[in-house]
Amino acid sequence: MPSNPPLLEEEPVVEPVETTAAETRHVHAALTRTSTGNEDLRELESGLDSLQSDADRKHRIDWSRILLPVAALVVLVLVWQFYVSLGMKRRDLVPGPLDVVAQMGSLWSEGKLQESMWTSLQRGVIGFLISVAIATPVGLLLAQVAPLRRAFGPLISGLQVLPSVAWVPAAIIWFGLTDATVYFVVFMGAIPSIINGLISGVDQIPPQYRRVGTVLGASRLQMALQVILPAALPGYLSGLKQGWAFSWRSLMAAEIIAVGGTIGFGLGSLLDQGRTLSDMSVVMAAILLILGVGILIELLVFGPIEKRLLRRRGLLAGSTR
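Residues numbered from 1 in each chain as written. Predicted model: local features only at pLDDT ≥ 70, side-chain atom pairs only at ≥ 80, totals over all residues. Heavy atoms only, no water.

(A) Just empty space enclosed by the protein, in detail. Tallied over the full model, the rule gives 1 cavity of 30 Å³ or more. Reported here for the largest cavity is a volume of approximately 30 Å³. In terms of lining, the largest cavity is formed by Leu-159, Gln-160, Leu-162, Pro-163, Ser-164, Met-188, Gly-189 and Phe-246. Among the elements of the structure, helix 6 (146-161) and helix 8 (179-203) are those that each provide at least two residues to the lining of the largest cavity. (1 Å grid on protein atoms, 1.4 Å probe; cavity = no way out; pocket = protein on both sides within 12 Å on 5 of 7 lines; lining within 4 Å. Points joined across faces, edges and corners; volume = space filled by probe spheres on them. Helix = DSSP H or I, 4+ residues; strand = E, 2+ residues; numbered from the N terminus.)

Here's what the structure looks like:
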């Protein structure tokens, strides 16, 4: 008679064992002790000492970050003054540093310098913050929904490449010589850059982060705000920096072209006034003020935020920042 086929053995079902936090720490410590040799312990010890020294250095003032930019600025001013002293160009065409400083003092006494600085800074900051409020949810939506990204992604990239000054004539026709024209141009310059920066940051997130969020039962909103957005911060911050640069450039272009009406007097208007009067000292003063605002925003706002973000993620080691 044929023998009966052997019965397949059923795999034993392993019941999950609940462990307390204390037991988990005990197991982790035991695994660390058994898998770490003396050489690894010494390496870990040196690494901890290095971290401690880095923490100590954080509380010290790095004078090179202050002295080197000041030295570079002094060198540039000296080269500028040397070129002017050669007399190759007339002083009305290429004014010297002292001429520009004197013009700034004159503009300050007239109140034009304060008015132009305040008007442009107010417009730039408000326009940039509104752009961030619009671009952030749009960027998250495009990064999460593939059909929307395929449909609108090329358009967003095209808008980022399009010079924002091209929007100024259209904005003047639509909104007239009002502040709405300036803000519209700022939006069109900043929003595409912020969206693309956020999408790029989301693309660089390791897929394990999404899996962990799904396992923990995160909803789509929680996944976007508590997992994806924090993980995409480096790319998002790069988009914010580029968005501010584009918004500041767009603002200057709008203030130079759109003059009159109810539009206030900004740095771009001051620059255009110097061109109209053929006064190069006013033109150079306005250019230096526009440049100075951009440098200060980078040093006082974006630079510290980026450095802190990189340090918290352990990405500052070996960097030249």
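(B) Region of the structure containing the confidence of the model for the chain. Averaged over the chain, the pLDDT score is 79; the fraction of residues at 70 or greater is 77%. Contacts for the low-pLDDT stretch residues 5-19, under 50 throughout, to residues beyond four places or in other chains number 2 contacts. Segment residues 26-31: pLDDT under 50, and 0 contacts once partners within four positions in sequence are set aside and those in other chains are kept. (pLDDT = per-residue confidence, 0-100. Contact = heavy atoms within 4.5 Å.)

(C) Examining the packing of helix 6 against helix 8 more closely. Two elements in contact, helix 6 and helix 8, have axes separated by 9 Å at closest approach and are oriented at 130°. When the interaxial angle is binned, helix 6 and helix 8 end up oblique. Note that helix 6 runs across helix 8; the crossing there is left-handed. Along the contact surface, helix 6 presents Arg-149, Ile-156, Ser-157, Leu-159 and Gln-160, while helix 8 presents Met-188, Pro-192, Ser-193, Ile-195, Asn-196, Ile-199 and Asp-203. Among the residues forming the contact of helix 6 with helix 8, the class breakdown is 6 nonpolar, 4 polar and 2 charged. (Axes fitted to C-alpha atoms, helices over the stretch in contact; angles between N-to-C directions. Parallel < 35°, antiparallel > 145°, perpendicular 65-115°, else oblique. Left-handed = near helix turned anticlockwise from the far one by under 90°. Nonpolar A, V, L, I, M, F, W, Y, C, P; charged D, E, K, R; others polar.)

(D) Geometry of helix 13 (residues 280-312). In this model, helix 13 (33 residues) spans 47 Å end to end at C-alpha, consistent with the 48 Å of a helix rising 1.5 Å per residue. Of all the bends in helix 13, the greatest, near 40°, is centred on Phe-302, and the proline Pro-304 appears no more than four residues after it. (Expected span 1.5 Å × (residues − 1). Bend = angle between axes of the 7 residues up to and from the residue.)

(E) Region of interest: unusual backbone geometry. For Ser-278, which is not a glycine, the phi torsion comes out positive at approximately 55°. Position of Ser-278 among the secondary structure elements: in the loop between helix 12 (267-276) and helix 13. Among the residues examined, Ser-278 registers a relative accessible area of 62% and is labelled exposed. (Buried < 20%, exposed > 50% of the residue type's maximum accessible area, 1.4 Å probe, protein only.)

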